[in-house]
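One-letter residues, chain by chain:
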Amino acid sequence: LLPPRLRPKLSGGRASLSTAMLPLELERHTSRLHCGCFQLGYRRFQDSVAGVARRAEISRQHRQRFQSQDAVEADRVYKTSAHSYPSAKLAAMLKTTFSDDGRCKQGEVGLKEDQARAVFEMFGPNRITPPAKENRWAKLLRMIFGGIFNVLLWMCVLAMVALLTLFQGSSESDDKLTPILLSVILIATAVLQWYTEMLAEDAMEAMQRMQGDKPVPTVRRSSVGFRVDMQLDVVNLVPGDVIFLESGDRVPADVRILHCTDGMQVDNSALTGESMPETRVANTESDVLPPTEARNLAFFGTTVQKGSATCVVHATGDNTFLGKVAQSIAASHVRSTLEVQVEHFVHFIAVVAVVAGLISLVANVARHATFGQTIHYSAATLFSQVPEGLLPTVTITLMLASKEMVKRKVLVRKIDAVETLGCISVLCSDKTGTLTKGEMTTQDFVVPVGAAPIAKMSDLVVVSREQGSASFPQERIGLCEQIVLCGMLNNGAQVRQGDGGEQLWTGSPTDVAISKACAEVYGGEHSLEYITKSPQNNKVWEIPFNSENKWMLTVHGQIASGEVRAILKGAPDRVLSLCTVDDKARTVIEGHMKNLMTDARRVLAIAQRSITAPPPKLQGTNASDCNFPMRDFDFVGLYGIDDPPKEGVDTAVVKAINAGVKVVMVTGDHPNTARAIAKRVNILGGDSVVGDEDFAVITGDQLHGRMPKAGNFTDDEPCANVTWWTKAVTHARVFARVSPIHKQVIVQAYQRYGYGGLGDICAMTGDGVNDAPALKQAEVGLAMGIRGTDVAKDAADIVLQNDNFASIID
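Remember, predicted model here, so these are calculated numbers, not experimental data.

### Concerning the overall build of the chain
Broken down by element type, the chain carries 28 helices and 28 strands. A burial count over the chain gives 51% of its 810 residues as buried. Here the analysis covers contacts within the chain between residues at least 6 apart in sequence; of these, 69% occur between residues at least 24 apart. Summed over its atoms, the accessible surface of the chain is roughly 38100 Å², and 55% of this surface lies on carbon and sulfur atoms.

### So, the side chain of Arg601
Residue placement: Arg601 occurs in the loop between helix H20 (583–598) and strand S19 (602–612). Polar contacts involving the side chain of Arg601 include one to the side chain of Asp642, which spans 3.0 Å. Not counting residues within four places of it along the chain, the set of residues in contact with Arg601 comprises Gln443, Asp444, Leu596, Gly640, Ile641, Asp642 and Arg680.

### Overview of the sheet that holds strand S24 (residues 697–699)
If you trace the 8 strands from one edge of the open sheet to the other, you get S10-S28-S27-S26-S11-S21-S25-S24, paired in mixed fashion. Only two strands of the sheet have a single neighbouring strand rather than two, namely strand S10 (410–412) and S24. The mean inter-strand angle of the sheet, taken between neighbouring strand axes irrespective of direction, is 20 degrees. The pairing of strand S26 (residues 762–766) with strand S27 (residues 780–784) spans 4 bridges and is parallel. Bridge pairing in S27 links Thr765 to Leu782.

### Details of H20
The end-to-end C-alpha separation of H20 is 22 Å, in line with the 22 Å expected for 16 residues at 1.5 Å each. Inspection of H20 places Ala585, Val588, Ile589, His592, Met593 and Leu596 among the buried residues, and these make up the whole buried set. Down the axis of H20, the buried side of the element spans an arc of 135 degrees, and every buried residue falls inside it. Projecting away from the buried face of H20 at angles above 90 degrees are the exposed residues Asp583, Lys584, Thr587, Lys594 and Thr598. Positive phi shows up at Ala600, right after H20, with a value of about 65 degrees.

### Concerning the pattern of salt bridges
On inspection of all chains with the given rule, the structure shows 18 salt bridges. The partner of Arg103 in a salt bridge is Asp101, and the shortest N-O contact between them spans 3.8 Å. For Asp101, a relative accessible area of 45% translates into the label partly exposed. The partner of Asp715 in a salt bridge is Arg752, with the nearest N and O atoms 2.4 Å apart.

### Quick look at the packing of aromatic side chains
By the definition in use, this model includes 10 aromatic pairs. The interplanar angle of 75 degrees and the centroid separation of 5.5 Å between the aromatic rings of Phe713 and Trp725 together place this pair among those described as edge-to-face. Residue Phe713 is located in the loop between helix H23 (700–703) and helix H24 (719–731), and its partner Trp725 is located in helix H24; the two are separated by 12 residues in the primary sequence. As far as the burial class goes, Phe713 and Trp725 line up, both buried. Arranged with centres 5.2 Å apart and planes meeting at 75 degrees, the rings of Phe713 and Tyr753 form a pair that is edge-to-face.

### Details of the nonpolar core
Core analysis: the largest hydrophobic core is formed by 59 residues, its most contacted members being Phe98, Cys428, Ile698, Trp725, Phe735, Ile746 and Tyr750. It is helix H25 (residues 740–753) that provides the largest number of residues to this core, a total of 6 residues. In this view, Ile698 contacts Leu703, Trp724, Ala728, Ala732, Val734, Phe735 and Ala736; residues no more than four positions away in its chain are not counted. By size, the runner-up hydrophobic cluster in this structure holds 39 residues, among which are Ala417, Val734, Ile798 and Phe805.

### Considering the packing of helix H8 (residues 148–166) against helix H12 (residues 337–366)
Remark: H8 packs on H12, axes separated minimally by 9 Å, with the N-to-C direction vectors making an angle of 35 degrees. Contacts from Ile148, Phe149 and Leu152 in H8 reach Val342, Glu343, Phe345, Val346, His347 and Ile349 in H12. By residue class, the composition of the contact of H8 with H12 is 7 nonpolar, 1 polar and 1 charged.

### Overview of helix H6 (residues 113–123)
Among all positions of H6, only Gln115, Ala116, Ala118, Val119 and Phe123 are buried. Taken down its axis, H6 places every buried residue within 165 degrees of arc, on the same side. Projecting away from the buried face of H6 at angles above 90 degrees are the exposed residues Arg117 and Glu121. One or two steps after H6, the chain reaches Gly124, where phi turns positive at roughly 80 degrees.

### Things to note about the environment of Ala652
Looking at the secondary structure, you find Ala652 in helix H21 (residues 649–658). Spatially, the C-alpha atoms of Ala652 and Val681 are 8.7 Å apart, while their sequence positions differ by 29 residues. Those residues within four positions of Ala652 in sequence are excluded, and the remaining contacts are Phe805, Ala806 and Ile809.

### With respect to empty space enclosed by the protein
By the definition in use, this model includes 4 cavities of 30 Å³ or more. Approximately 140 Å³ is the volume attributed to the largest cavity. Taken together, Gln265, Lys306, Ser508, Thr510, Asp511, Phe545, Met552, Lys569, Gly570, Arg602 and Leu604 make up the full set of residues lining the largest cavity. Those elements that provide at least two residues to the lining of the largest cavity are helix H17 (509–522), strand S18 (563–570) and S19. The class makeup of the residues in the lining of the largest cavity is 3 nonpolar, 4 polar and 4 charged.

### Quick notes on the pairing of strand S2 (residues 227–232)
Relative to S2, strand S1 (residues 216–221) runs antiparallel, the two sharing 6 bridges. The partner of Arg221 across the bridge, within S2, is Arg227. Linking two consecutive strands that pair antiparallel, namely S1 and S2, is a turn of 5 residues; a positive phi of about 100 degrees is found at Gly225 within it.

### Brief notes about the sheet that holds strand S7 (residues 297–298)
Pairing is antiparallel in the open sheet, where 6 strands are placed in the order S2-S1-S3-S9-S4-S7. Because the sheet does not close on itself, it has two edges, and the strands there are S2 and S7. Pairing geometry for strand S4 (residues 254–260) and strand S9 (residues 309–315), over 6 bridges, is antiparallel. Residue pairing for S9: Arg256 is matched across the bridge by Val312. Of the strands in this sheet, S1 and S2 touch H6, which is tilted by about 115 degrees from S1.

### Some thoughts on a nonpolar patch on the surface
Residues Val354, Leu358, Leu361 and Val365 make up a contiguous nonpolar surface patch of about 330 Å² in total accessible area. With respect to the helices and strands, Val354 occurs in helix H12. Judged by its relative accessible area of 44%, Val354 is partly exposed.

### Points about unusual backbone geometry
Here Cys104, not a glycine, exhibits a phi torsion of approximately 60 degrees, which is positive. The phi torsion at Ala613 lies on the positive side, around 50 degrees, for a residue other than glycine. You can see Ala613 is positioned in the loop between S19 and strand S20 (634–642).

### Digging into the confidence of the model for the chain
Put simply, the chain has an average pLDDT of 80, and 84% of its residues get 70 or more. Low pLDDT, under 50, characterises residues 1–74; the predicted model gives this stretch 82 contacts beyond four residues in sequence or across chains.

### With respect to the environment of Pro509
When you line up the elements, Pro509 lands in helix H17. C-alpha of Pro509 to C-alpha of Met276: the two residues are 233 residues apart in sequence and 8.2 Å apart in space.

### Quick word on the pairing of S18
Judged by how many residues are buried, S18 sits mostly within the fold: 6 of 8 residues are covered. Looking at chain direction, strand S17 (residues 551–558) and S18 are connected through 8 bridges and run antiparallel. The partner of Gly557 across the bridge, within S18, is Val564. Examined bridge by bridge, S18 and S19 share 8 bridges and lie antiparallel to one another. Note on S19: the bridge partner recorded for Ala566 is Arg609.

What counts as what
- Residues numbered from 1 in each chain as written.
- Predicted model: local features only at pLDDT ≥ 70, side-chain atom pairs only at ≥ 80, totals over all residues.
- Heavy atoms only, no water.
- Helix = DSSP H or I, 4+ residues; strand = E, 2+ residues; numbered from the N terminus.
- Buried < 20%, exposed > 50% of the residue type's maximum accessible area, 1.4 Å probe, protein only.
- Contact = heavy atoms within 4.5 Å.
- Areas by Shrake-Rupley, 256 points an atom, 1.4 Å probe, with all protein chains shown as cover.
- Polar contact = N/O pair within 3.5 Å; in protein donor to acceptor, adjacent residues only side chain to side chain.
- Pairing = 2+ DSSP bridges.
- Axes fitted to C-alpha atoms, helices over the stretch in contact; angles between N-to-C directions.
- Expected span 1.5 Å × (residues − 1).
- Arc of directions from axis to C-beta.
- Salt bridge = Lys/Arg side-chain N within 4 Å of Asp/Glu carboxyl O.
- Phe/Tyr/Trp six-rings, centres within 6.5 Å; stacked < 30°, edge-to-face > 60°.
- Core = buried A, V, L, I, M, F, W, Y, C linked by side-chain atoms within 4.5 Å.
- Nonpolar A, V, L, I, M, F, W, Y, C, P; charged D, E, K, R; others polar.
- 1 Å grid on protein atoms, 1.4 Å probe; cavity = no way out; pocket = protein on both sides within 12 Å on 5 of 7 lines; lining within 4 Å.
- Points joined across faces, edges and corners; volume = space filled by probe spheres on them.
- Patch = residues over 30% accessible without salt bridge, like charges linked within 9 Å, V, L, I, M, F, W, Y side chains within 5 Å.
- pLDDT = per-residue confidence, 0-100.

Structure representation (C-alpha cells):
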C-alpha cells in the first residue's frame, strides 16, 4: 500500500526516515486518494501504517542503538549504551516520558498503553527463553533405543529373531525366550532411568515455581494521556516502562536508574561474584564504560539491598545480561565419564565378539558342521561375549545412589552424573554463596580496654566469634556494651516477622550485619525493639549515609531535656578525623584496622558524644554545616565484617584433598578477599611460587593475554600459553576477579592440561549467572538449589537443595 519511495525505508525495521517525518510523507501521498467511500479504508490504512512504523522504529532503536551492529555478535555479547544517554535522549529513544526530576511520582509519565501493547508484540514476554527441553516421550524412546551399548544389544535381539525366523521349525530355533527377556530388560532399564530423571525435573520445576516474582509497581499513560498506576506482572514489562523499586525487591529487567535515594545499593553477587553490595546512582555515565561497570544500571535477577529507585526498563527477556549468558551456554555439552567408558567398552567387546564368532565359524566349518549348526553356534559364541546384564546393573546401581543422595538433599538431574562425581580429580568452586554464606556478618568487635578514653590508652581488645560455635565468647561480652548499644541505635536495618514466623531483615547488608550481631550479644532480636523504643534512645534526627560524607549520624534522646547523644558510624578515616585521639592512639587503631583488612574484613568505626543545650531544630548535611558540634567525638570501637565460610566447608575441603581431589576457588571477588577465605577453608596452603611467578592466586588481568583464540584450547595454541596454563592448573588454588568466560576457560584448561597432560575430570559448583558457562563446561555441574539462579540450575547436572557444599563430599 505504500508508495515505492517509502517501501525500502520501512522493510526489516530499518527505517531511515524519522517517525517525525513519516506522517508528512503519508499525508502527501494520501492526499491524492479519493474521498467519500475511500475514507474508511484510508483511516484503516493510516492506522496500520502507523503501527508498522512504530514497531519498526522501536526495533531499529533498540537493536541499532542499544545493541551491537553485528547481529550475530549481539546474540552472544551483551552491549548497551543506555547508561551513557541523558534522560531526555533516553526517553525519546524509548518513546516514553519522564518527569523533570526523574522521580516520576506525579504527572503523566511512562508509555501509553497502546504503545506498550505494540512493544510487547515486538519483544514478547519478559522471560528468558528456557533451554529447549526434549519431549519426555521422545526422551524415553532415545533411552530405549539410543546409545552405542543399547544399539549393540538391540542388534543381538534382531539377530536372534532373524535366526528364529530363518531356521523356523528346526532344533536351532528352540530358544525363543532369550530375545524376549533381553528386550524386556532393555525396555525396563530405560524406563527406570527415564522415571528417575523425570522425578528430578519435576522437583526442579516445583522449586522454580516456589520462587515466583511479585508484581512490579509501574506507571503508564492511558490512550488519552492520563496517568495510570498499576501493579504489573514481571512477564508483561516492556522496554520504556517506568517502574519503582524498593529495598528487598528483585530487579525485574535490565533498567536504567532515573532517580534513587542516596547510598542505594544492589547485590550483584549473582552476576559478578562480588560479596559486597554495589552503590547505584542516577548520573549519566561515560560511553566508554562497560555496561556491567555502570553505576546507573541495574540488571535482571539482582536484588535491591538498600534504598529505593525510579527506573526505566531498557532490555527484557533474552536481551538482558542474564539472557545473553543463558544463550551462551545453550549449545555446549560435555560427555560424562560413564558415556566415554561405555563407548570404549563397547568397541572392545565388539572386537572380541566378532573375533570369537569368526573363530567359532572357522572351527565349525573345519569339522564339517551343517550350515544351520555353523550359523547357530557362531551366533551363540558372538552373543555370549556381550554382557547383557551390564546395562541394568549400572542403571539400578546409579538409581540407588541417586535415591540415597536425595536423602542428603542432593537432587541428581542426570543419573550418570553420580558416577562422574566419583571420578573427579578437580573440584572448581565459586566463593560467594557456595563456599561462603552469601551474607555479610559481623565477625569482630574492636573496643578500648577499660573505661578510660582511647586517647589515654595504648591498646585495644579484639572480641571475635569463636571458631567452633561462631558465637561471641560470653566472658568478653561485657567489654562490648557501648559498641553494641551504639550499633543498634545508629542503624538503618529493620526486622519483621515473615509468614512462617521467621525473622526477615531489610536494609543495607552492612547495617543488617551490625544490627544482627549487636542484637545477638544483647539478647536477641526482641532486644533491638526494646532498646530503640526506649525514651532515652528515641531517634530525633539523622544524616543518612552518603558517598560524600562516608558516615551516618544519628541523634538520640529528648531535646527538651537539654542533652542528647550523637552517634557517628562510617569509614574509619572519616570518623577518626572527628574524634579526640592522639597520634599514639591513632597508630594503635590503624594497626588493628590493617590486621582486620588483611583477613578480608570490611572495617567500620563508630564514635559518640553528648551534645548539651542542643538547638530546638537540628539541621545540617555534613560536618561543616551542622548547627551543633561535629567534633570531639569519643572513639567507641571498630566492626570487622565479612562474608564468612559456611559451616563444615573447611572439613569437607580437607576430606576432598585426602581423597585425591584438588579443590580450586574460582571467583569474581577481590583477590585479597579470595585469598583470606581460601586460607580459612583450607584451599590455600603450601608453596605455589614457580620461578619468578606466584601461582597461588591468579587474577582475571593475568588471564586476558592467555585466552584461547578459538574459544577453546586447540593443538595450535602458542607454546608460551601451553606452558603457562600447565603451570597454572598444577599450582594455582585461587582464581580471583574473573569473568564468566574466564571461569569457562579455566575449566577447559584443567580438562586439557591437567593431570600431567592427560586432562582432569572436572566438577564445578556455583549459584550465580556468572557460574553458568563453567557449570555447563564441566563434566559435572553442581548448582545451589536455594540461592542459585534458574540459569545456574538449568546448566547443572546436580542441584544441592540445602546449598550445603559438604553434601558433595559426604
